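Below are the chains, spelled out letter by letter.
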Amino acid sequence: MMMRPAVHALARWISFAGILGIMLACGGRNEAFAQNPAAARPKPAAANDNTRYWTTSWDFDSVDVKRLSERLERLGIGIPIEMEGTVSVNLNVSVPLTALTDTKKYRLEGLVRSPRLKLEQLVLEDFQTHVQIADGVMTVDKINGRLIDAALPSAALPSAARPSAARQVNRPGAGRVSGAATLQLSPLGDIDAAITTESVAIQPLHQLILAIQARNDQQPLHGVVSGEIQFRAPLKTIREIRSWNAMTQLRIDSLARGDALPLDVQSASISIADGVLIANDLQIRSTEAPDLSASLQGRIELERQQRFSFAIRANDLPLGVLAQLAGADANRFAAGQVDLDATASGELAQQEWMLSGQVASPQLSIAGVDLGLIEHAFEFDQQHLKLEPVGARGTPPRDDLIVQDVRANYSLQDQRWELSEIDAHLFGGDISGDASVSLGNQGVSTLNLNWQGLSPNVNAQLFSLADVVVSANSSGEINWTLPAGDWSRLADQSGDVQVQLDAIKVGDADIGQMNLVISKSDESFKLTAEGNLFGGDVNVVTQSNVTDDMTWQDLWQRPSQIRLSVNRIRIDRIVVLLPQRSWLAPRFRQLRGLASAEVELAAEAGLAAEAELEGTVASSQPDSPLRSTARIQLDHLALGTVQITRRLEIELRTSGSSVDVDRVAGFYGGGRITARGQWDLLENDGHIDVQVAAVDASPSIRLLSESVADFVDGKLSGQFHVTGGRSIRARGAVQAHDAVVAGIPVGDANSGMLASYSLGSGQWDASFSSIHGEVARGRLQGVAKLKSSYRPNRFDLSSQWSFERVNFAKFIADAGGGSFSYANGQVRGRLVLGGEAIASSADLRGTFSTELDGSQASAIPGLSEAQRFLGAVPLAGIRIEDGQLSGTITRGRARIDEFVLSSPQLKVWADGYVQLDNLRMDVEAVISTGNFQTSQLMEVYLQIASFTSLSPVALFIRINQLLSNRTIYVDVAGTLSDPKLRLRPLATLRDEVARYIISEVLGINCAVFGSENPFENQD
């Protein structure tokens, strides 16, 4: 009967080998799977063995393991690792035809080879092993090959480019493994293995194990291992360490996880023999920390009396690094360097032990709790626990220690552990009391503790929150009784807990104080908390009926009823505590204001939100959604110095993940806002209708985009329908009054709007497809699209505008803040404005072109100021019908490429720049007055030939003399609404300007005087 498992195992193995052979035959090339006629004949049997064999040869050459894996996966045999490379198999298999049930009669022998096999990041080069099954024994010997980390560049070299065989082991990432193993299969016996490794990288082996286990490790495990392992154990009891006989001598260099401090680990020997584990001189060092050292030696009996003894000595041992190596979070486990000198001995079978020594650390943290300086001696045996500062006996307490001393007596019996006379002085306070823990399934456990003035510092990362220290001064008591066995069930527990928390701080921020009371009696659980937090009053009452199967987790996740009341807490004292990842944008950390709320939550459907938290409370059902009502009021909410709302009231109801927004009403951005709708928080879907009226554009938009808010001003009204999904979308209409965009007044306008915001990427866009409005008594039309930029705190813009009959005198007055002139002047034209990654007006790009639509000369900026240079010619009565202005916008200013005004009495030419952010001008202009009728210009034409040798400027000066010296050349500075003119000599006029004015403004065609252009002969 004992043979059947081995027989069945071997039969299954050979059956699988046959199936695998078929798959290999489909995946390789130049394969042969044939029965050798000579080999198929039964082998000559021994004199006393008449067994007849069927023998065949399995030969597979260069099988593509990736194709093989894909075909196995189609058959439902998935291999959870990525494989590449080829494998060759040569086996001779003999099946005993006359003894099929005798596993000792089966024969198998051959070689498995691979020139290069990649398993995840592990590369095996020149690997081979010999496999043999005979007389019930499986032997895998002559194991030999190189192991390489595929992440290194040298692992990807073609064969011809790789280093020579003599140098392969020495190159980075290359290691070697060799060894042999035997398994006694029939009858089931021992496994005996010996493995030797040389410079084998741990990282690819670690990644391979993670892939097999379908795990993901964010921090890679690095190191190089060398050494020998010998192992022997019965297959029947291989899971029991005490049955092992093993010995190892290993050296691990640069062992580290992630970018942590690398450690070098070396053991003289670790052995298990006759049920005894012995570790001799295990050493830990680090080349990057010369003072770090640790040594351990010990002995333990794994059976009988279980005697043990060990000694450990360490200097500057980094607990956080050790925690990381074990895959733990150092912030949740331990952090700090420790010096340790300790010995231990005892007999576990008799429950006798003694552990004593000294421990020191300049700064130690355990489970996120700061323990500060440690210089302590400790003793721990089966009856006493003592921890005290070194040399503390007869001396006063040390002020530099957070942990002073801890003492307690206890007794450990078969079914009970008694802890008594607890006396601890730590965290600036005292703890006293006793505890009794039932170790079996009978009886009860009790905990009675009192503490005064405890002030521990706890890192909030312990609770998956921000990396910030939380502290408080705590006093209280706990008296709790619970049944033996499952402590998670609440039904049979009872007791009271009172906790007083004063001087609560998060980081350097003072939070306030809070008193908590917890009670459990009969079938009721109640928690009350009241205090002053974040500058306001907070009150919480929670009450639940306890059912027979309720656990603590059920209670915290689904309490029957909760009432929360907060009154005028300061928002700025809350936002500074929230982790960075919880904000959509950093600017929200500037939120200021006061918040008040009344929240009532119940787990049972139909439970009235106004129900009093007194008397019987219905227990929550597992499938009943949590329902709540909330009334929230925000006062004086601001973002930095910009006020968002004086008061905003919100009323909502929730059922599970569904939120019904019944009412949002109040002030917003200097105007009014109302909203209502429904939203599912899990699906991020729903609808909310929002209406705003006469809100200030800049502060109201600042919550959505700070960069856009800096570009707009004016009053906004609108109605929007907001929906959810993968992105939040808003569709509606917006009306603007006295609007200003990038310093340019656009007056009153309205448009349809479509906007979206992606919760995943944080990208947004807004389109205004049909803008219509009035600006400076004229009409405005346009389309615009804004979207978030690839650079933070910036946006992209594309827009096109057209306007007509715009009173530019009023437009300039509105833009520059100056007084409005009643002189009439109108323009029409087009503007294209856009840019990418816009942070200021300097990032805008565009073009503009306008035409004069009839104007009085006095309406033109600067012409009234030019009157004093033009003598008695009055400008007030001159009307201009022909004028053009065109240019480009770039680098924060509008460049005037062409500005020409023309009438029978007035000619004006100008070019220059206007700064967009302050509308300051840097313009040069030529202004001519007189009678520009054809008869007078003909006289000029008749005299032009005598000036053919003059330069354009000299010619222009002569023409001005002919026209009675009524031409001036000026610099125009100041702003559009308040220009300043400075007269310049005509002789300083640029040649190209003079040429342009003569030909284009005055209309004198120089070609009439001959083939030569007189302006080409310049002085």
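Residues numbered from 1 in each chain as written. Predicted model: local features only at pLDDT ≥ 70, side-chain atom pairs only at ≥ 80, totals over all residues. Heavy atoms only, no water.

- You'll find the protein chain entered in an unreviewed UniProt entry as AsmA-like C-terminal domain-containing protein, with Rhodopirellula maiorica SM1 given as the organism.

## Remarks on the overall build of the protein chain
Okay, so step 1: Summing up its helical and strand segments, the protein chain has 15 helices and 51 strands in all.
Okay, so step 2: The buried share of the protein chain, taken over its 1019 residues, is 42%.
Okay, so step 3: The contacts of the protein chain with a sequence gap of at least 6 include a subset with a gap of at least 24, amounting to 51%. (Helix = DSSP H or I, 4+ residues; strand = E, 2+ residues; numbered from the N terminus. Buried < 20%, exposed > 50% of the residue type's maximum accessible area, 1.4 Å probe, protein only. Contact = heavy atoms within 4.5 Å.)

## Observations regarding the pattern of salt bridges
Okay, so step 1: Throughout the structure, instances matching the rule amount to 32 salt bridges.
Okay, so step 2: As a salt-bridge pair, Arg647 and Asp635 come within 3.0 Å of each other at their nearest N and O atoms. With a gap of 12 residues between them, Arg647 in strand E33 (residues 642–655) and Asp635 in strand E32 (residues 627–639) connect regions that are remote in the sequence.
Okay, so step 3: Its relative accessible area of 39% is what places Arg647 among the partly exposed residues.
Okay, so step 4: Across the pair Arg794 and Asp843 runs a salt bridge, and its minimum N-O distance is 3.7 Å. Linking Arg794 in the loop between strand E41 (778–788) and strand E42 (795–807) with Asp843 in the loop between strand E43 (825–838) and strand E44 (845–856), this pair joins segments that are 49 residues apart in sequence.
Okay, so step 5: Judged by its relative accessible area of 22%, Arg794 falls in the partly exposed class.
Okay, so step 6: Linked through salt bridges whose partners overlap, the residues forming this network are Arg116, Glu125, Asp126 and Arg146. (Salt bridge = Lys/Arg side-chain N within 4 Å of Asp/Glu carboxyl O.)

## Quick look at the confidence of the model for the protein chain
Okay, so step 1: In the predicted model, the protein chain carries a mean pLDDT of 78, and the fraction of residues at 70 or more is 77%.
Okay, so step 2: Confidence over residues 1–47 falls short of pLDDT 50; this stretch has 66 contacts with residues more than four positions distant or in other chains.
Okay, so step 3: A low-confidence stretch, residues 945–950 (pLDDT under 50), is modelled with 10 contacts involving residues beyond four sequence positions or located in other chains. (pLDDT = per-residue confidence, 0-100.)

## Description of unusual backbone geometry
Okay, so step 1: The omega angle of the peptide bond from Ser186 to Pro187 is -5°, so this bond is cis rather than trans.
Okay, so step 2: Phi is positive for Ser62, which is not a glycine, with a value near 55°.
Okay, so step 3: Tracing the backbone through its elements, the reader meets Ser62 in strand E2 (residues 53–64).
Okay, so step 4: The phi angle at Arg568 is positive, at roughly 55°, despite the residue not being glycine.
Okay, so step 5: Among the structural elements, Arg568 can be located in strand E30 (residues 561–570).

## Focus on the pairing of strand E29 (residues 536–545)
Okay, so step 1: Burial analysis of E29 places 7 of its 10 residues in the buried class, which makes it a mostly covered element.
Okay, so step 2: One ladder, built from 7 bridges, connects E29 with E30; its direction is antiparallel. By the bridge assignment, Asn539 is partnered in E30 with Ser565. (Pairing = 2+ DSSP bridges.)

## Some thoughts on the environment of Asp508
Okay, so step 1: Looking at the element boundaries, Asp508 is found in the loop between strand E26 (494–506) and strand E27 (509–521).
Okay, so step 2: Residue classification places Asp508 among the exposed residues on the basis of a relative accessible area of 75%.
Okay, so step 3: When the C-alpha atoms of Asp508 and Val468 are compared, they prove to be 9.4 Å apart, with 40 residues separating the residues in sequence.

## Re the pairing of E42
Okay, so step 1: Note that E41 and E42 share 10 bridges and pair antiparallel. Each residue of the ladder has a partner; that of Leu786, found in E42, is Leu797.
Okay, so step 2: The loop that links E41 with its antiparallel partner E42 comprises 6 residues; one of these, Asn793, has a positive phi angle of about 60°.
Okay, so step 3: The sheet contact formed by E42 and E43 spans 10 bridges and is antiparallel. For Ser799, the partnering residue across the bridge sits in E43 and is Leu833.

## A closer look at the side chain of Ser596
Okay, so step 1: In this structure, Ser596 sits in strand E31 (residues 591–602).
Okay, so step 2: Classification of Ser596 as buried rests on a relative accessible area of 14%.
Okay, so step 3: Among the polar contacts listed, one links the side chain of Ser596 to the backbone nitrogen of Arg568, at a separation of 2.8 Å. (Polar contact = N/O pair within 3.5 Å; in protein donor to acceptor, adjacent residues only side chain to side chain.)

## Quick look at the environment of Ile889
Okay, so step 1: On the secondary structure map, Ile889 appears in strand E46 (residues 882–890).
Okay, so step 2: Through-space distance from the C-alpha of Ile889 to that of Leu844 is 6.9 Å; in sequence the pair is 45 residues apart.
Okay, so step 3: When near neighbours in sequence (up to four residues on either side) are disregarded, Ile889 contacts Leu831, Leu833, Leu844, Arg845, Gly846, Phe848, Ala894 and Leu916.

## With respect to the nonpolar core
Okay, so step 1: Phe795, Leu844 and Ile889 are the most contacted members of the largest nonpolar core, which totals 98 residues.
Okay, so step 2: Split by domain, this core shows at least three residues from each of two domains, domain 2 (705–853) and domain 3 (862–1001).
Okay, so step 3: If you look at the next biggest cluster of nonpolar residues, it comprises 42 residues, including Val131, Leu147, Leu221 and Ala289. (Core = buried A, V, L, I, M, F, W, Y, C linked by side-chain atoms within 4.5 Å. Domains from an automatic or database assignment.)

## Brief notes about the environment of His636
Okay, so step 1: In this structure, His636 sits in strand E32.
Okay, so step 2: Relative accessible area serves as the criterion here: at 46%, His636 is assigned to the partly exposed category.
Okay, so step 3: Each C-alpha atom, one on His636 and one on Gly593, is 5.0 Å from the other, the two residues being 43 residues apart in sequence.

## Details of the packing of aromatic side chains
Okay, so step 1: Evaluated as defined, the whole model comprises 7 aromatic pairs.
Okay, so step 2: A centroid spacing of 6.0 Å and a plane angle of 50° characterise the contact between Phe380 and Tyr410, whose relative ring orientation is tilted. Note that Phe380 is positioned in strand E18 (residues 369–381) and Tyr410 in strand E20 (residues 403–412), a separation of 30 residues in sequence.
Okay, so step 3: When its relative accessible area of 30% is taken as the criterion, Phe380 is described as partly exposed.
Okay, so step 4: One aromatic cluster is present, built from ring pairs that chain together Trp353, Phe380, Tyr410 and Trp417.
Okay, so step 5: Its guanidinium or amino end placed over the ring of Phe667, Arg646 lies 3.7 Å from that ring's centre, counting from NZ or CZ. (Phe/Tyr/Trp six-rings, centres within 6.5 Å; stacked < 30°, edge-to-face > 60°. Lys NZ or Arg CZ within 6 Å of the ring centre and 35° of its normal.)

## Here's the deal with the side chain of Arg146
Okay, so step 1: In this structure, Arg146 sits in strand E6 (residues 137–149).
Okay, so step 2: Arg146 sits in the buried class, given a relative accessible area of 6%.
Okay, so step 3: A distance of 2.2 Å separates polar atoms of two side chains, one belonging to Arg146 and the other to Asp126.

## A closer look at a negative patch on the surface
Okay, so step 1: A cluster of acidic residues, Asp492, Asp522, Glu523, Asp548, Asp549 and Asp554, forms a negative patch on the protein surface.
Okay, so step 2: Mapped onto the secondary structure, Asp492 falls in the loop between strand E25 (469–483) and E26. (Patch = residues over 30% accessible without salt bridge, like charges linked within 9 Å, V, L, I, M, F, W, Y side chains within 5 Å. Areas by Shrake-Rupley, 256 points an atom, 1.4 Å probe, with all protein chains shown as cover. Lys, Arg positive; Asp, Glu negative; His and termini not counted. Charge placed at Lys NZ, Arg CZ, Asp CG, Glu CD.)

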